[in-house]
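Close look at the chain arrangement
Each chain, written out:
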There are 2 protein chains.
Amino acid sequence: MSQRPDPDQPPASGTGARRPPDPSRRNARSRAAILGASLQLVGEVGYARLTIEAIAARAGVGKQTIYRWWPSKAAVLLDAFTENGGEPGAEPAIPDTGDLAADLRAVLRATADEFSDPAFEAPYRALAIAGAQDADLSREFDARLAGGGIEVYITRLRAARDAGQLREDVDLRLAAEMLTGPFFQRWLARRGPLDHDFTDALVDTVLAGLRPRG
Amino acid sequence: MSQRPDPDQPPASGTGARRPPDPSRRNARSRAAILGASLQLVGEVGYARLTIEAIAARAGVGKQTIYRWWPSKAAVLLDAFTENGGEPGAEPAIPDTGDLAADLRAVLRATADEFSDPAFEAPYRALAIAGAQDADLSREFDARLAGGGIEVYITRLRAARDAGQLREDVDLRLAAEMLTGPFFQRWLARRGPLDHDFTDALVDTVLAGLRPRG
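If you check an unreviewed UniProt entry, chain A appears there as TetR/AcrR family transcriptional regulator from Streptomyces bohaiensis.

1. Details of the interface of chain B and chain A
Counting residues at the interface gives 33 residues for chain B, matched by 33 residues for chain A. Contact with chain A buries area across many residues of chain B, yet Ala132(B), Glu177(B) and Arg191(B) alone supply 19% of it, more than any other trio. Applying the counting rule to chain B against chain A returns 4 salt bridges. Two residues, Arg186(B) and Glu177(A), come together in a salt bridge whose shortest N-O distance is 2.7 Å. If you look at where chain B meets chain A, you find 18 residue pairs in polar contact (both at pLDDT 80 or more). Looking at the side of chain B that touches chain A, the element that brings in the most residues is helix H9 (residues 172–188) of chain B, giving 10 residues. The class makeup of the residues in the side of chain B that touches chain A is 18 nonpolar, 8 polar and 7 charged.

2. What to know about the confidence of the model for chain A
All names here are of chain A. Chain-level pLDDT for chain A is 86 on average; 84% of the residues reach the 70-or-more range. Every residue in residues 1–9 is under pLDDT 50, and counting partners more than four places away or in other chains gives 8 contacts. For the stretch residues 11–17, pLDDT sits under 50, and the model shows 4 contacts to residues farther than four places along the chain or on other chains.

3. Topic: the relation of the copies chain B and chain A
Each copy superposes on the other: chain B lies on chain A with an RMSD of 0.0 Å after a rotation of 180 degrees and an axial shift of 0.0 Å. What we have between these two chains is a two-fold relation. Across chain B, the smallest distance between a C-alpha and the rotation axis is recorded for Gly209(B), namely 1.7 Å. Comparing contact sets, 100% of the residues at the interface of chain B also lie at the interface in chain A, consistent with an isologous, same-surface contact.

4. As for the packing of helix H6 (residues 118–133) of chain B against helix H7 (residues 135–144) of chain B
Residue and element names in this part refer to chain B. Relative to each other, H6 and H7 sit at 135 degrees, their axes nearing to 5 Å. As far as their axial angle goes, H7 and H6 are oblique. The handedness of the crossing between H6 and H7 is left-handed. Every residue of H7 that contacts H6 at Tyr-124, Leu-127, Ala-128, Ala-130, Gly-131 and Gln-133 is listed here: Ala-135, Leu-137, Ser-138 and Phe-141. Of the residues contributing to the contact of H6 with H7, the split by class is 7 nonpolar, 3 polar and no charged.

5. Regarding helix H8 (residues 151–162) of chain B
Note on helix geometry: an α-helix contains 3.6 residues per turn, so any two residues three or four positions apart are oriented the same way. Residues and elements named next belong to chain B. End to end, H8 covers 16 Å across 12 residues, agreeing with the expected 16 Å (1.5 Å per residue, within 8%). Listing the buried residues of H8 in full gives Val-152, Tyr-153, Ile-154, Arg-156, Leu-157 and Ala-160. Taken together, the buried residues of H8 touch helix H5 (100–115) and H9.

6. Digging into the packing of aromatic side chains
One pass over the structure, following the stated rule, counts 25 aromatic pairs over all chains. Where Phe81(B) meets Tyr124(B), the ring centres are 5.4 Å apart and the plane angle is 80 degrees; that geometry is what we call edge-to-face. Of this pair, Phe81(B) sits in helix H4 (residues 73–83) while Tyr124(B) sits in helix H6, and the two are 43 residues apart along the sequence. Residues Phe81(B) and Tyr124(B) agree in their burial class; the two are buried. One Lys or Arg, Arg186(A), reaches over the ring of Phe198(A) and ends 3.8 Å from the middle of that ring. One cation-aromatic arrangement involves Lys73(B) over Tyr47(B); the distance from NZ or CZ to the ring centre is 4.2 Å.

7. Re the UniProt feature "DNA-binding region" (unreviewed entry) in chain A
Feature annotation in UniProt places "DNA-binding region" (unreviewed entry) on residues 51–70 of chain A, given in this structure's numbering. The straight-line gap between the two end C-alpha atoms of residues 51–70 of chain A is 13 Å; of that span, 75% is helix and 0% is strand.

Cut-offs used in this document
Residues numbered from 1 in each chain as written. Chains lettered and ligands numbered in written order. Predicted model: local features only at pLDDT ≥ 70, side-chain atom pairs only at ≥ 80, totals over all residues. Heavy atoms only, no water. Contact = heavy atoms within 4.5 Å. Buried area = accessible area lost by both parts, 1.4 Å probe. Salt bridge = Lys/Arg side-chain N within 4 Å of Asp/Glu carboxyl O. Polar contact = N/O pair within 3.5 Å; in protein donor to acceptor, adjacent residues only side chain to side chain. Helix = DSSP H or I, 4+ residues; strand = E, 2+ residues; numbered from the N terminus. Nonpolar A, V, L, I, M, F, W, Y, C, P; charged D, E, K, R; others polar. pLDDT = per-residue confidence, 0-100. Least-squares fit on C-alpha atoms with pLDDT ≥ 70 in both. Axes fitted to C-alpha atoms, helices over the stretch in contact; angles between N-to-C directions. Parallel < 35°, antiparallel > 145°, perpendicular 65-115°, else oblique. Left-handed = near helix turned anticlockwise from the far one by under 90°. Expected span 1.5 Å × (residues − 1). Buried < 20%, exposed > 50% of the residue type's maximum accessible area, 1.4 Å probe, protein only. Phe/Tyr/Trp six-rings, centres within 6.5 Å; stacked < 30°, edge-to-face > 60°. Lys NZ or Arg CZ within 6 Å of the ring centre and 35° of its normal. UniProt positions renumbered as here; feature names shortened; annotations may be inferred.

Take a look at the structure:
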């Protein structure tokens, strides 16, 4: 519990320090090692058995280094997942080619492919589990998901509605939840395969209920 | 770790033993106390902080008694939830009045009411979290949910399809997932209120996509 001269926060990037040993650079290396170790380990042992001790051992740092920077294993994973390329296919927005069905089919197919990749799936599952237990973490996870959150669906659906492709009175948030909720449930509760047949049928059936009436 | 003469399994009910002290009855009392304590505690501290030790202390038993009967806290909760009235409103089937929309609205309104009750919500959330981490537990949870699983929706939708109220080519499983998935996601990820406006709109929008085409 002794006070240490290290800064409370690791540097976001190198900021012009010259002389070795450079504590900023050392901290950046430690931080990257910790984040990488957390992603590896959660894929190996799952979230329930993931410990700060194991992350520290894998990263080659003391566990106090981790506790100085993060309050919990969930917080480590959140940074690791959102900063370390944990979302390879995510885009800040759903493309708008003018063909809503094609655009939604493409994004949900890409999402299904992502969730079939254990390197992506394991930390995402861990964060979903952590979020289910911690409302604050859940909100932060949603806020930091570039393209993974529900807002990108709402934005794309709004454009389609404004173009007359959906009913004027469509509930955009509900429609977005109808696209993401069945996928989320099938994935998290392992209710069936996350394949393109599923995502295509989901898009088509949801849109069938949102088209302008005859 | 000493061998004890107690049976491995607690009795399901009293089976005619006469003389006090009756080990069957004592076991049944302990079992009920453990199940009740697990439901109380998960509501108080959440799943992550729930421990076998705390359940044992609250139930007034030794923790070895719990470990003799259950392999994990999740297994205790599963029995507690499915045997101890954890599903007050659940029915083995969705009523069939002939009006599919009315029947689905009623069952989803009742489900929303259940999930607004912390005594129901906390153990259900714990089991959803445990199931997300353990595929076997997830399957067992689904299998033991009288009325909570997806099959009751499929059965009701099939009857409507056979009555000509839905398209002949409707994907019944997908339709059931469209009714339950958005609810599950909104609840587990705390994405919005689980009120009757939400469930009614969900039913109506899903069914709009499943009706026979003009």
